[in-house]
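# Examining the three-dimensional arrangement
One letter stands for each residue in the lines below.
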2 protein chains.
Amino acid sequence: MSNPTAAPNRTTEPPELPLEREFSAKSYTYENERGWRQYRMLRPCRGMYHDVRRRMPYYWSDITDAFTYRTIASTIRMYFVKSANPLPTHISSSSTHHLEDHSCMLIPQRSLLPAVAYTLDMYRRTGEFFGVTEALFSSALAAMVFSILGVQPLTIVGITGLISLFNYTIYDIISLYDVSLYPSFMAWTGIWAAIFHWAVAVFNLCDYMRYVTDFSSESFGMYVGIIYMIKGVEELVYEFDQNGPTAGYLSCIIAILYFASIYSLEWLGQSTVWQHWFRGILADYAYVFATLFWVGFSHIPGRLKDANISKVPIMEAFHPTQPRGWLLEFWTLPVTWVFVALPFGFLLMLLFYYDHNVSSITAQARQFPLRKPGGFHWDFFLLGCTTFVAGILGLPMPNGLVPQAPVHTDSLTQYTTEVKIISTAEGEGTEIRRPIVKATAVVEQRVSHFLMGLALIGTMTGPLLTVLHTMPSALFAGVFFVIGWGSIESNSMVHRLVFLMSESRFVQRDEPLLRVRRRAIWLFIGLQAAGVAATVAISQTMAAIGFPVLIILLIPLRTHAMPRWFTLAELEVLDDFTCTNKQVLASLGGAPALPEHSKETDWGLERRRSEQRFGLHRQRAGSLKR
Amino acid sequence: MSNPTAAPNRTTEPPELPLEREFSAKSYTYENERGWRQYRMLRPCRGMYHDVRRRMPYYWSDITDAFTYRTIASTIRMYFVKSANPLPTHISSSSTHHLEDHSCMLIPQRSLLPAVAYTLDMYRRTGEFFGVTEALFSSALAAMVFSILGVQPLTIVGITGLISLFNYTIYDIISLYDVSLYPSFMAWTGIWAAIFHWAVAVFNLCDYMRYVTDFSSESFGMYVGIIYMIKGVEELVYEFDQNGPTAGYLSCIIAILYFASIYSLEWLGQSTVWQHWFRGILADYAYVFATLFWVGFSHIPGRLKDANISKVPIMEAFHPTQPRGWLLEFWTLPVTWVFVALPFGFLLMLLFYYDHNVSSITAQARQFPLRKPGGFHWDFFLLGCTTFVAGILGLPMPNGLVPQAPVHTDSLTQYTTEVKIISTAEGEGTEIRRPIVKATAVVEQRVSHFLMGLALIGTMTGPLLTVLHTMPSALFAGVFFVIGWGSIESNSMVHRLVFLMSESRFVQRDEPLLRVRRRAIWLFIGLQAAGVAATVAISQTMAAIGFPVLIILLIPLRTHAMPRWFTLAELEVLDDFTCTNKQVLASLGGAPALPEHSKETDWGLERRRSEQRFGLHRQRAGSLKR
């Protein structure tokens, strides 16, 4: 059906294929409808139906297209490294030097390292209820369901740091009353959340994701970065408390040097040293190399081994961490508590509504030359199902992985590096050469997602769990630092702060930010910073479960209040819709129309300039300065 | 006399002043002489006489010119930070991206931090004979003598890591026989070395320094960088042995983070963020800020203080570290041993011949718009005197500080940062802006050198020694890493290796290295690497005192063997005379003439291209990539 070897032109829409025509970009919309038909709430299941009909014709090709090396490389990379590459980039739709289409936070991950990393935290803070086994099981379940039944198999699903925060905050609250209620209370939270998910999917409410702009998604990215840095420090503090100062200091060293190793490898991967393919290996497998090295290092006999730093705790394979059956006895929860769980379920749905849909949007970001359609309503319905199952089995609930999902697409994309020669006015031989990365095609298939699920199930078996047990916990503090710092460093808030503080004479004259009043830039990042600060602050308290509300409140702030404080031209430079891919908007009921919206092409000036100047920026932990 | 506020044109020789005329660049030469007069050995003291006559007229202005802010800033910076800025740069006369005129190693330092850093090492490895007091006294003595009597007061003099290596290697040798002989043996080594120094100065042998090229001076820089890295690791290993694993690991953390702090601060100082003056402060005082912070950190009560890491050991002020009088009883040494000391004295002279003169050359490198003349013969005579005094008082012998001396000049230089606008062929608004650093003037005076000496004497008094005692030894491991890594990173060997491994399509077409056969570049850096490897290897054995011989052997290798293996055009790109400043050559008997030498302006192509493209590169620890 779709031919992945063809090089679609990124700037124009890919040519429509015969089967696609019937349910094309224009078929799901409410714009030209009249009477009751224009109200999406009144037409239940319309979005889900269109999602499935639109994607169905591609199902067979999703399997046959997978027989390429890319799929294998992608599976290995996603299984193992997940966290590394993702982070740094899928960020800066509006940054000065990067150019992703859709900004977006970067964080939570699934797949080996990350899944384990925040699971450690969740394990300790939920009275050891959620362990590594649960996390792997949950990830594997989600991978199976979404790879086989999902409309958009590129959106990979797993456990995030935010669900960890959510789960242990509930634990803190419940333990004020009766900690034995926690398992069945979590089950009911999952059941309620599932019901809300289904309602959102049925009543086509995912359409509102169109209105998400970089204003809120970049703030979310910054928030997540800060949370990760905090988690890394907490991990190290825990090591001191647990094993004393020697183990604690050694853990700090391992975490710092692990961070430095990955950072350096990825920096080398972005340079122009060695051949393209070798750099690709360095960057793709930075996590693998660094992990192997530092795990080995921590086991060198003598002083290092004697420091006795703590390792990943594991439980018997295929069994819950706690001595319990898989199915939680949720029917034993007192009725009062069943209803107490309702608002928690709603908040969980709110979190997933934002987190999952944004991850799906970034997996289909504009820089990827995608040819197959996605579907938000159907996938959100499926997410309700996995939430339900995870709830009653006592697993952490999986959802779309914000920094991961775009990395998955990235790992399936064929890139070429070209030389851009800029001739200067100074005469011959003085031209400037720059590497420009271009994406030629994406291997769109559902096999890699499926294989990752299989690999995770494999990890749950005994021998591999033993391998996992050799890894020092300090490594995961390092993972947190890489993820957190990558997210902070590449955030557009940082880039704009750097712009504001730079000596203006060194700023290139075609920098779009120069068209914006400096005061307006300060106000824009100030509003973002206020949002981030409030969310981080709330995360440290018992009110942490309310943080999805704060993030979602940024959306109406942007659409309703901010047009009064900024001119349209300024907002066009500073902000952009997070979702701009036409294939994606097809499932969301068409392009959004904000009050200040003029014509679509005026948005994202900064991103387009950067893309033209530097080419695509792959998802790596890069340096602030390009 | 000379007017420091005028901005001399860097590319042309400064206009000669009236008094200068008589003893100008051409007055000391042997080129047009006939008969016995053309042999420099037969005309004793001629060089010294010319040196003094040439400089004498400027003596008064050396004091009056000093009344500027630059002098104060320079004194503080040189007293405190010495090591930071120096290192990374004064290197890359031939590197792709830097542009110092005179390459040159970077290392040893004097002034607070560095002097203390290698003193720790020397203290432990000479049976605690040479302590901090001796090091400070020696540095202060040298500063007094050279600031008042020296011809070129910009060449600052102090204790280097190499004299430390020299001293403890002799200790190792002597302790095979009778360790009690060590003090008087060192005294005789100093006496013999002093005699050889005077001979060299009297017979005008410093003239041969003209033939030093980047081939050997860059190798020396790499050697020193590696030695420093090794020293840093040794310092940390010592901490483990001394205070156990907890203190050891904490020391590693402090060393790593101290390194990272200085590296980051200097990276920021090189960026275009904030205003010029603020960046200048960041980079100038990177060592001060980082030292204050990490000393404070190591004293935070609780776990950090409890780790009990070791601090700088100090002795009673104004008293030798050992219970002895200041004057060593060198007359008690058996006569046999007096003559055993002779070859050691010769080797010491050889080391200083290379090390001191290269430091003097770099302090007067071409990128500094100097107007006052220097003098090698007289200063080497003075160095003999300080060696004599240090020898009989049992102090480590001071000499010119290779990475330090150019930093001193740099700290006295007034720089301006200009914008270079490169218009591209792509139309209006697409020009590229680059910061270009230019040197406008140097405050040439002898007051800063003098004040540094006073400050060092001040440090020997009780209260300040107590302050010194609060500094953890781990900080000095960090200093070693900063110095060592800076020296390695900015070395032209590394830059050329990167060039050789880079994908050639991304290399700018006007890169001079493209004119050289790749095989020739490999051979050139291969020869350098062999020299470095041999010298590093010998440094780890008792034969370490022979290392000056190896370094000096690189000079005839370059002048006699290498022209057979390389074409003239290739050598012109790859190599350059380390000494090219006309003011400097005036004291060395005029420009050198190698067999393959054609006309002077063809040399240093790489440097000149880089200078034109990026401007001057100040002496900072920078990143590999600009």
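From a predicted model like this one, the values you see are computed outputs, not experimental measurements. (Residues numbered from 1 in each chain as written. Chains lettered and ligands numbered in written order. Predicted model: local features only at pLDDT ≥ 70, side-chain atom pairs only at ≥ 80, totals over all residues. Heavy atoms only, no water.)

### Examining a nonpolar patch on the surface
On the surface, Trp36(A), Tyr39(A), Met41(A), Leu42(A) and Phe203(A) cluster together to form a nonpolar patch covering roughly 550 Å² of accessible area. Take Phe203(A): it is sitting in the loop between helix H9 (182-202) and helix H10 (214-270). (Patch = residues over 30% accessible without salt bridge, like charges linked within 9 Å, V, L, I, M, F, W, Y side chains within 5 Å. Areas by Shrake-Rupley, 256 points an atom, 1.4 Å probe, with all protein chains shown as cover. Salt bridge = Lys/Arg side-chain N within 4 Å of Asp/Glu carboxyl O. Helix = DSSP H or I, 4+ residues; strand = E, 2+ residues; numbered from the N terminus.)

### Quick look at the packing of aromatic side chains
When we look at a pair of aromatic rings, we describe it by the centre distance and by the angle of the planes. In the structure shown here, the tally under the stated rule is 54 aromatic pairs over all chains. Summarising the aromatic geometry, the rings of Phe129(B) and Tyr182(B) are spaced 5.7 Å apart at their centres and angled 80° between planes, so their arrangement reads as edge-to-face. Here the residue Phe129(B) occupies a position in the loop between helix H5 (112-125) and helix H6 (132-149), and Tyr182(B) occupies one in helix H8 (residues 182-202), the gap between them amounting to 53 residues. Judged on exposure class, the residue Phe129(B) and its partner Tyr182(B) are both buried. In this structure an aromatic cluster arises from ring pairing among Trp188(A), Trp192(A), Phe330(A), Trp331(A) and Phe339(A). (Phe/Tyr/Trp six-rings, centres within 6.5 Å; stacked < 30°, edge-to-face > 60°. Buried < 20%, exposed > 50% of the residue type's maximum accessible area, 1.4 Å probe, protein only.)

### Digging into the pattern of salt bridges
Working definition: two side chains of opposite charge can pair if their charged atoms are close together. Residues and elements named next belong to chain A. All chains considered together, the criterion is met by 22 salt bridges over all chains. In this structure, the salt-bridge partner of Asp-51 is Arg-54, at a minimum N-O distance of 3.3 Å. You can see Asp-51 and its partner Arg-54 sitting in helix H2 (residues 46-55), three residues apart, about one turn around the helix. Here Asp-51 and Arg-54 have matching classes, each one buried.

### Digging into the relation of the copies chain B and chain A
Turning chain B through 179° and shifting it by 0.0 Å along the axis lays it on chain A, with an RMSD of 0.1 Å. The symmetry that links the two subunits is that of a two-fold axis. Here 100% of the contact residues of chain B are again contact residues in chain A; the copies associate through an equivalent surface. (Least-squares fit on C-alpha atoms with pLDDT ≥ 70 in both. Contact = heavy atoms within 4.5 Å.)

### Regarding helix H9 (residues 214-270) of chain B
For H9(B), built from 57 residues, the straight-helix expectation of 84 Å at 1.5 Å per residue is missed by more than 12%, its first-to-last C-alpha distance being only 25 Å. If you look at H9(B), its biggest bend is around 145°, right at Gly244(B), and the proline Pro245(B) turns up within four residues after that. (Expected span 1.5 Å × (residues − 1). Bend = angle between axes of the 7 residues up to and from the residue.)

### Considerations on the interface of chain B and chain A
Residue-level contacts link 50 residues of chain B with 50 residues of chain A. Of the roughly 4400 Å² buried at the junction of chain B and chain A (both faces included), carbon and sulfur atoms supply 58%. By the criterion of area lost to chain A, the three top residues of chain B are Tyr249(B), Arg433(B) and Phe506(B), representing 16% of everything that side buries. Seen at the junction of chain B and chain A, the total is zero salt bridges. At the level of elements, H9, helix H10 (276-284), helix H12 (303-306), strand S3 (413-422), strand S4 (432-442) and helix H19 (492-501) of chain B are the ones that each hand at least two residues to the side of chain B that touches chain A. No other element matches the eleven residues that H9(B) contributes to the side of chain B that touches chain A. (Buried area = accessible area lost by both parts, 1.4 Å probe.)

### Description of the nonpolar core
Counting 236 residues, the largest nonpolar core has Ile170(A), Tyr223(A), Ile170(B) and Tyr223(B) as the members making the most contacts within it. Discounting residues that sit within four places of it in the chain, Ile170(B) has contacts with Tyr182(B), Phe185(B), Met186(B), Thr189(B), Phe344(B) and Ile545(B). (Core = buried A, V, L, I, M, F, W, Y, C linked by side-chain atoms within 4.5 Å.)

### Some points on unusual backbone geometry
Residue and element names in this part refer to chain B. The backbone phi angle of Cys-45 is positive, close to 70°, even though this residue is not glycine. Summarising the element assignment, Cys-45 is placed in the segment before helix H1 (46-55). At Asn-204, a residue that is not glycine, the phi angle is positive and equals roughly 60°. The residue Asn-204 is located in the loop between H8 and H9 in this model.

### Here's the deal with the packing of H2(A) against helix H15 (residues 376-393) of chain A
All names here are of chain A. Between H2 and H15, the least distance of the axes is 6 Å, while the angle of their chain directions is 105°. Comparing the axis directions of H2 and H15 gives the class roughly perpendicular. Of the residues in H15, those touching H2 at Gly-47, Met-48, Asp-51 and Val-52 are Phe-376, His-377, Trp-378 and Phe-381. Residues of the contact of H2 with H15, tallied by class, amount to five nonpolar, two polar and one charged. (Axes fitted to C-alpha atoms, helices over the stretch in contact; angles between N-to-C directions. Parallel < 35°, antiparallel > 145°, perpendicular 65-115°, else oblique. Nonpolar A, V, L, I, M, F, W, Y, C, P; charged D, E, K, R; others polar.)

### Looking at the pairing of S4(B)
All names here are of chain B. S4 sits mainly inside the fold: eight of its eleven residues count as buried. Bridge count between S3 and S4: ten bridges; the pairing is antiparallel. For Glu-418, the partnering residue across the bridge sits in S4 and is Ile-436. (Pairing = 2+ DSSP bridges.)

### As for the confidence of the model for chain A
Residues and elements named next belong to chain A. Looking at chain A, pLDDT values average 78 and 81% of them are 70 or higher. Contacts for the low-pLDDT stretch residues 1-22, under 50 throughout, to residues beyond four places or in other chains number 44 contacts. This complex was scored by the predictor with a pTM of 0.79 and an ipTM of 0.76. (pLDDT = per-residue confidence, 0-100.)

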